[in-house]
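# Fold and contact review
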Protein chains: 2
Amino acid sequence: MGDKRKMRIVYPSSEKVYVFGEVNKIKVGMRRIKQTDTITIDSKGGKIRKKNNPVIVYDTSGPFSDSQVIVENGKGIPRFREEWYLRRKDIIKLDALSSVYCVKPGKNLTQMYYAKRRVITPEMEYVAIRENQQIEDLGLKSYITPDFVRKEIAAGRAIIPSNINHPEAEPMIIGQKFLVKVNTTINNSLPPHMMEEEIEKIAWCCKWGSDTLMDLSTGENMHESRERLIRNCPIPFGTVPLYQALDKVGGSIEDLNWAIYRDTLIEQAEQGVDIFTIHAAILQEHIDQAVLRLNGIVSHGGSILSKWMQMHKEENFLFTHFVEICEIAKTYDVIISIGDGLRPGAVYDANDTAQMAELRVMGKLINIAWKQFVQVMTESSGHLPMNKILDNVKERQYACHNAPLYSYGPMITDAACGYEYIASAIGAAQIAWQGTSLISCVIPERHCIIANKIAAHAADLAKGHPGAQVRDNALSKARFELRRKDAQNLSFDPERAAK
Amino acid sequence: MGDKRKMRIVYPSSEKVYVFGEVNKIKVGMRRIKQTDTITIDSKGGKIRKKNNPVIVYDTSGPFSDSQVIVENGKGIPRFREEWYLRRKDIIKLDALSSVYCVKPGKNLTQMYYAKRRVITPEMEYVAIRENQQIEDLGLKSYITPDFVRKEIAAGRAIIPSNINHPEAEPMIIGQKFLVKVNTTINNSLPPHMMEEEIEKIAWCCKWGSDTLMDLSTGENMHESRERLIRNCPIPFGTVPLYQALDKVGGSIEDLNWAIYRDTLIEQAEQGVDIFTIHAAILQEHIDQAVLRLNGIVSHGGSILSKWMQMHKEENFLFTHFVEICEIAKTYDVIISIGDGLRPGAVYDANDTAQMAELRVMGKLINIAWKQFVQVMTESSGHLPMNKILDNVKERQYACHNAPLYSYGPMITDAACGYEYIASAIGAAQIAWQGTSLISCVIPERHCIIANKIAAHAADLAKGHPGAQVRDNALSKARFELRRKDAQNLSFDPERAAK
């Protein structure tokens, strides 16, 4: 089939609709799910038909579900956000022939910078429109306004991943006051001839509702693979740059150094990586604390850096160079997601001294990043019993000045082997309700993504997001009236619901 | 293969062990999971072996996992509890030739009666031993004593389903202070020649950890089918007697009456049904309240009775005859599980006036039952967003005088079509942590049972049950030390974990 394979997402009884911006020249894609009529019988045996409004839902499927756009595998998807740059005076092309952008000297171009300057960027208006699906049914208008988005970003409570070198990505917002988002992690190192399948996997993750994609791949051809993935990815794309830096020194932890890491950051930022996971908060003094644990240090990044610190008897170089890391991040508006090198690997180790000590360092790093208007979030979780979830969120919010929280899981028991996606969804639903803004599935499989979508939606309902309630009510009504097709079409996986 | 098909449950690296009673002559089956040694390398490159204790876990597999007992499909499993009756002076055989028992005139034989009389029955000691698995690892002894069990039963906060006509069943306890239990619902009406498969399904539910079985089957041969199921069932067995009563009047709701219902109760109690779900708390005055709902009355029992009340313009006959129902229940020590005829069928309807009104009636019925020392629990849930779970449990505990709570789900969103088991497990984990004692899977499928086992175990961890933590810690340690086989064997579904 070659490169010409078309990538198309089709949802049953749905159409792609666009809502246009008022402040900026933007159009925001949404999915409109049609419903059949409710039919009742009157006293004379006649049929009474009553219309059911279509339901408009948040749509992560990007250009793949737009029948007007033909996406051929490997050719890249439209760089629609580039058009917005024409009106910006803060961006330059690094080389007239390339399409790599960076900030103009002396300027700052991050969303946080503009938010604090009281400027509503196209990205802010875009996400405001996206978050407001279907609320007219409830008699509300613009529950989330562009200015509300701006204020949350200015306060550091929300972020919009939008590296200027990833103009293919639709802006989306991560923050406690918005819809809970779902990340999907991809983790493989495919030879170039298998990239097509990998690219199709992106379309497929978008189909089931992934809001962001974290690429944890290692091995050869990392640069080329990533290039093709990003050029076809309509959702923000994240990495752990440490993995590529380690690869550049042949996997020898001892040989890792700041120069190689810095070059890796720049290389990835120029490619368009929207989110860097950086384990800058694990320090020498924490290593001894982790020895007391049942399961020690289980984070891959954390364990690489703790070994590096022990070999060099030096402080974590990501911590000592954090100001410079922020300078690179702000040049392209990359999100810094502060990794949790000390996340607990067992329920027994949850919320322990080591984890809390790292949290306090995260708080300091966030202040450093915010000084340069770099957008930040923090990662955490791992393993956490249900009774410690609320405490964990409160501690993290307090220590990290309410910067958005990103959770892997948490796993609420270690005994769920083979069913980790269920233990993780149980934890994710609760932690998202309590305040986490982004939850993650660790494997890019359909049932895992859908489990997290259910968890996210349940949290949106519990938090009282009106749009979530509209969809739920429509589905309840369809089921009660035995409109089975409508109920299937309104659910997160219509194909499986139909079975 | 015919009736001779042997039913045997085998778990990897496990053996059946028995713990003997101190007060009563009883032996309690448990599962002992062996672990391999931890191997580390010392400074000279030599191997150091360190033993890992076997982990003893709660076992629902009954005689099926005892290699000393040969169970042939259809022949019935050992009636081991009958031996205990020899020492009782409160039981008579209804007919010297049959094996149907009932209470001796003038006596009361319920567990609650004995608990209030300060007598520790074999059933109480049995469950006390069962609940204490593996705590010696934590330096604790007898976390749960027989007298603690007795007190909880006397107070009505816990129940032991143990119809004297189901002597095949191993006693187990349902109450907030004990391990969270998992019910499995079976719902089919198979012709007699397919009963073998149905009986195998029981062994299979026990294998994956079902603590009770609710039979919601309807249709022909109900009596015969149930007889064969109960004779092969080592866990408590429940029904909704209304379904059989309705069948006896040819499915015509109007023709339902107390006489037929009463006969059905006696018939089922004599067969050995341990739990009757009785929708006695839905009243005429509630019907109007339910009209305001998005999804009306969705409980099958509730909808049958509301139609009956509307046709007859009379009060629910299960309510008006509740004293007599209790008299039948106490004759055999059947649990009355007060059904929630008004459980919400949509997240939108959760915790509404109708549901709360029914709750208050439940509270009155519980007092009536307790006057006769009948053991009671209450059912509820259905659909409930996460933010209403805690309120729901508190209201139910208050209105129902802390009688044990039994939850179907709850579903924390209506949008999970095709993945109901996940939405239900997310809700079940939370409601069990907050105080529900029995959670249920609505379909007897392996992934659904395991999802509920994970939810129950997560709740046990969150509630701080020491035995649950021992198993979790052993599993964490095995995973950290890369003893993969041990980790698999310690998890809830070793076969799937191995994949």
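See above for the structure.
Residues numbered from 1 in each chain as written. Chains lettered and ligands numbered in written order. Predicted model: local features only at pLDDT ≥ 70, side-chain atom pairs only at ≥ 80, totals over all residues. Heavy atoms only, no water.

## A closer look at the relation of the copies chain B and chain A
The two copies are related by a screw motion: chain B maps onto chain A through a turn of 180 degrees and a shift of 0.0 Å along the axis, at an RMSD of 0.0 Å. Interpreted geometrically, this transformation is the action of a two-fold axis. No C-alpha of chain B approaches the rotation axis more nearly than that of Ile-426 of chain B, which lies at 2.3 Å. Counting the interface residues of chain B, we find that 100% of their copies in chain A are interface residues as well, pointing to one common contact surface. (Least-squares fit on C-alpha atoms with pLDDT ≥ 70 in both. Contact = heavy atoms within 4.5 Å.)

## Re the sheet that holds strand E1 (residues 14-20) of chain A
One key point about sheets: their strands pair by backbone hydrogen bonds, in either a parallel or an antiparallel sense. Residue and element names in this part refer to chain A. With antiparallel pairing, 3 strands are arranged side by side in an open sheet as E1-E2-E5. Looking at the sheet topology across the chains shown, the edges are occupied by E1 and strand E5 (55-57). Each strand of the sheet is rotated relative to its neighbour by a mean of 40 degrees, with strand direction disregarded. Examined bridge by bridge, E1 and strand E2 (residues 27-33) share 7 bridges and lie antiparallel to one another. Counted as the bridge partner of Val-19 is Val-28 from E2. Contacts between helix H3 (residues 122-131) and the sheet are confined to E1 and E2, with E2 contributing the most and set at about 10 degrees to the helix. (Pairing = 2+ DSSP bridges. Helix = DSSP H or I, 4+ residues; strand = E, 2+ residues; numbered from the N terminus. Axes fitted to C-alpha atoms, helices over the stretch in contact; angles between N-to-C directions.)

## Structural notes on the pattern of salt bridges
In total, this model carries 56 salt bridges over all chains according to the counting rule given. Across the pair Arg-293 of chain A and Asp-352 of chain A runs a salt bridge whose closest N-O atoms are separated by 2.7 Å. Highlighted residues: Arg-293 of chain A in the loop between helix H9 (284-291) and helix H10 (300-312) and Asp-352 of chain A in the loop between strand E14 (335-338) and helix H13 (353-371), separated in sequence by 59 residues. Here the two residues Arg-293 of chain A and Asp-352 of chain A agree in accessibility, since each one is buried. Across the pair Glu-82 of chain B and Arg-79 of chain B runs a salt bridge, and its minimum N-O distance is 3.1 Å. Here the salt bridges share partners, and the residues they tie into one network are Arg-79, Glu-82, Glu-168, Glu-227 and Arg-231 of chain A. (Salt bridge = Lys/Arg side-chain N within 4 Å of Asp/Glu carboxyl O. Buried < 20%, exposed > 50% of the residue type's maximum accessible area, 1.4 Å probe, protein only.)

## Examining the sheet that holds E14 of chain A
Residue and element names in this part refer to chain A. Strand order in the closed barrel made by the 8 strands is E10-E11-E12-E13-E14-E15-E16-E17, with parallel pairing throughout. Taken over all neighbouring pairs, the strand axes of this sheet differ in orientation by 30 degrees on average, direction set aside. Looking at chain direction, strand E12 (residues 237-239) and strand E13 (residues 275-278) are connected through 2 bridges and run parallel. Pairing of Gly-238 across the sheet is with Ile-275, part of E13. Sitting on the sheet, helix H6 (residues 222-230) touches strand E10 (181-186), strand E11 (212-215) and E12, and the angle it makes with E12 is about 160 degrees.

## Description of the packing of helix H12 (residues 322-332) of chain B against helix H13 (residues 353-371) of chain B
Residue and element names in this part refer to chain B. Where H12 meets H13, the closest approach of the two axes is 9 Å, and the angle between their N-to-C directions is 45 degrees. Taken together, the axis directions place H12 and H13 in an arrangement best described as oblique. Note that H12 runs across H13; the crossing there is right-handed. Residues Phe-322, Val-323 and Cys-326 of H12 touch H13, and the partners they reach there are Leu-365, Ile-368 and Ala-369. Looking at the contact of H12 with H13 residue by residue, the class counts come to 6 nonpolar, no polar and no charged. (Parallel < 35°, antiparallel > 145°, perpendicular 65-115°, else oblique. Left-handed = near helix turned anticlockwise from the far one by under 90°. Nonpolar A, V, L, I, M, F, W, Y, C, P; charged D, E, K, R; others polar.)

## Some remarks on the interface of chain B and chain A
The interface of chain B with chain A comprises 52 residues on the first partner and 52 residues on the second. Approximately 4400 Å² of surface area, both sides summed, lies buried where chain B meets chain A, with 67% of it carried by carbon and sulfur atoms. For chain B, the biggest contributors to the area lost against chain A are Met-386, Tyr-419 and Ile-454 of chain B; these three give 15% of the whole. Along the contact surface separating chain B from chain A lie 0 salt bridges. Here chain B is connected to chain A by 19 residue pairs in polar contact (both at pLDDT 80 or more). Elements with a minimum of two residues in the side of chain B that touches chain A: helix H15 (420-434), helix H16 (446-463), helix H17 (466-480) and helix H19 (494-497) of chain B. The element that contributes the greatest number of residues to the side of chain B that touches chain A is H16 of chain B, accounting for 11 residues. Here the side of chain B that touches chain A is composed, by residue class, of 31 nonpolar, 14 polar and 7 charged. (Buried area = accessible area lost by both parts, 1.4 Å probe. Polar contact = N/O pair within 3.5 Å; in protein donor to acceptor, adjacent residues only side chain to side chain.)

## What to know about the pairing of strand E2 (residues 27-33) of chain B
Each regular strand shows side chains that alternate between the opposite faces of the sheet. All names here are of chain B. The element E2 is extensively covered by neighbouring structure, given that 5 of its 7 residues are classed as buried. In sequence, strand E1 (residues 14-20) turns back onto E2 through a hairpin of 6 residues. Sheet analysis places E2 next to strand E5 (residues 55-57), joined by 3 bridges and oriented antiparallel. What sits directly across from Arg-31, in E5, is Val-57.

## Some thoughts on the environment of Lys-25 of chain B
Residue and element names in this part refer to chain B. Mapped onto the secondary structure, Lys-25 falls in the loop between E1 and E2. Judged by relative accessible area, Lys-25 falls into the exposed class, the value being 63%. Here the alpha-carbon distance between Lys-25 and Cys-417, two residues 392 residues apart in the chain, equals 49 Å. The contacts of Lys-25, once residues within four sequence positions are left out, are Glu-83, Trp-84 and Arg-87.

## As for the nonpolar core
Counting 280 residues, the largest nonpolar core has Val-149, Tyr-261 and Ile-426 of chain A together with Val-149, Tyr-261 and Ile-426 of chain B as the members making the most contacts within it. With sequence-adjacent residues up to four places away left out, Ile-426 of chain A is seen in contact with Met-386 and Ile-412 of chain A together with Ala-425, Ile-426, Ala-429, Ile-454 and Ala-455 of chain B. (Core = buried A, V, L, I, M, F, W, Y, C linked by side-chain atoms within 4.5 Å.)

## Here we look at the side chain of Lys-16 of chain A
Residues and elements named next belong to chain A. With respect to the helices, strands and loops of the structure, Lys-16 is situated in strand E1. Among the polar contacts made by the side chain of Lys-16, one reaches the main-chain carbonyl oxygen of Gly-62 at a distance of 2.7 Å. Within polar-contact distance, the side chain of Lys-16 engages the side chain of Ser-65 at 3.0 Å.

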